[in-house]
Amino acid sequence: MILRWPWPTGGRRLVYRLLLAVDLEKYSHLDAQRQLAAQKDLRRLLNGSARRSGLRTNGWYRQPGGDGELVVMPAEVDIPHVVGAFACDLEDALAELNARRPTRLRMRLAFHYGTMIEGPLGPAGDAPVVVSRLLDAAPLRDYLTEQQGRDLALVVSDILYKDVVGSGFCALDPVDFLRLEVVIKEKPYSGYIHHSRVLPRERPLPAPAA
């Protein structure tokens, strides 16, 4: 599969973008048939939550990874709306899916906003590294393992928490987050884990599609 950039820069321009990354728990424990079913369910979940949140996925750059996906959003998306509405809808949709699925699908979700540049093998720069490190951080993995009553573990980067969640314009309440700090490959990373079910203070209406 050839991945095409919806906003090509030819690797000549550094841009700011919202990124999300998602990863399925214990995917490697599944046999090939169940891995395929999990992949299909994950793609349907992401596409459905995007649609209900007023987003057009044809404006996304998507980098699948078998048990997860990295998504780069277009520049014009409403970041507070996306972070709040998409996360809330995804948790609701996941709960509905698991109510009729033979085995539960559980996942981690990370959001970050920062700099990146188009590369021949995918996005390069600080933003994709940060969102990937937060997604794989041991505290987030441990949280999902410990919270067996939940199927989604959400983390946002430090800058996204301060500038977006804390702004009052995001549907997520800043008091529902716990600080995360990790050092990976001798570099520190920080963010905030949402420690209760992802419920909005007031579920927003879908923003104009982007």
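Nothing here was measured: the structure is a model prediction, and the numbers come from that model.

Concerning the overall build of the protein chain
Moving on, step 1. What the protein chain contains, in helices and strands, is 5 helices and 7 strands.
Moving on, step 2. Secondary structure elements of the protein chain, listed N to C terminal, follow the sequence β-α-β-β-α-β-α-α-β-α-β-β.
Moving on, step 3. Looking at the protein chain residue by residue over its 210 residues, the buried ones come to 51%.
Moving on, step 4. Long-range contacts, defined as pairs at least 24 residues apart, comprise 73% of the intrachain contacts of the protein chain with a sequence gap of at least 6.
Moving on, step 5. For the protein chain, the exposed area adds up to about 10,500 Å²; of that, 52% sits on carbon and sulfur atoms.

Side note on the environment of Gly84
Moving on, step 1. By secondary structure assignment, the location of Gly84 is in helix 2 (residues 79-100).
Moving on, step 2. Residue Gly84 is classed as buried on the basis of its relative accessible area, which comes to 0%.
Moving on, step 3. For the pair formed by Gly84 and Cys170, sequence separation is 86 residues and the distance between their alpha carbons is 5.5 Å.

Remarks on helix 3 (residues 126-136)
Moving on, step 1. Taken residue by residue, helix 3 has Ala127, Pro128, Val130, Val131, Leu134 and Leu135 as its buried positions. All buried residues of helix 3 lie within an arc of 165 degrees about the axis, which places them on one face of the element.

Points about the pattern of salt bridges
Moving on, step 1. Enumeration over the complete set of coordinates arrives at 17 salt bridges.
Moving on, step 2. Between Asp31 and Arg34 there is a salt bridge, with its nearest N and O atoms 3.6 Å apart.
Moving on, step 3. The class of Asp31 is partly exposed, set by a relative accessible area of 40%.
Moving on, step 4. One network of salt bridges, in which partners are shared, links Asp23, Arg108, Asp136 and Arg141.

So, the confidence of the model for the protein chain
Detailed reading of the predicted coordinates is not advisable wherever pLDDT is low.
Moving on, step 1. Residues with a pLDDT of 70 or more make up 88% of the protein chain, whose mean pLDDT is 89.
Moving on, step 2. Of the regions scoring below 50 in pLDDT, residues 200-206 engages in 21 contacts with residues more than four places distant in sequence or in other chains.

Some remarks on the sheet that holds strand 1 (residues 15-24)
Moving on, step 1. With mixed pairing, the 7 strands of this open sheet are ordered in space as 2-3-1-4-5-7-6. With partners counted over all chains shown, the strands left at the sheet margins are strand 2 (61-64) and strand 6 (177-184), one partner each. In this sheet, neighbouring strand axes are inclined to one another by 25 degrees on average, regardless of whether the strands run parallel or antiparallel.
Moving on, step 2. Note: strand 1 against strand 3 (residues 68-72), 5 bridges, orientation antiparallel. Residue pairing across strands places Asp23 opposite Gly68, the latter belonging to strand 3.
Moving on, step 3. Running at roughly 165 degrees to strand 4 (residues 107-116), helix 2 makes contact with strand 1, strand 4 and strand 5 (152-157) of the sheet.
Moving on, step 4. Its contacts with the sheet put helix 3 on strand 1, strand 3, strand 4, strand 5, strand 6 and strand 7 (187-194), and the angle it makes with strand 4 is roughly 160 degrees.

Conventions and cut-offs
- Residues numbered from 1 in each chain as written.
- Predicted model: local features only at pLDDT ≥ 70, side-chain atom pairs only at ≥ 80, totals over all residues.
- Heavy atoms only, no water.
- Helix = DSSP H or I, 4+ residues; strand = E, 2+ residues; numbered from the N terminus.
- Buried < 20%, exposed > 50% of the residue type's maximum accessible area, 1.4 Å probe, protein only.
- Contact = heavy atoms within 4.5 Å.
- Areas by Shrake-Rupley, 256 points an atom, 1.4 Å probe, with all protein chains shown as cover.
- Arc of directions from axis to C-beta.
- Salt bridge = Lys/Arg side-chain N within 4 Å of Asp/Glu carboxyl O.
- pLDDT = per-residue confidence, 0-100.
- Pairing = 2+ DSSP bridges.
- Axes fitted to C-alpha atoms, helices over the stretch in contact; angles between N-to-C directions.

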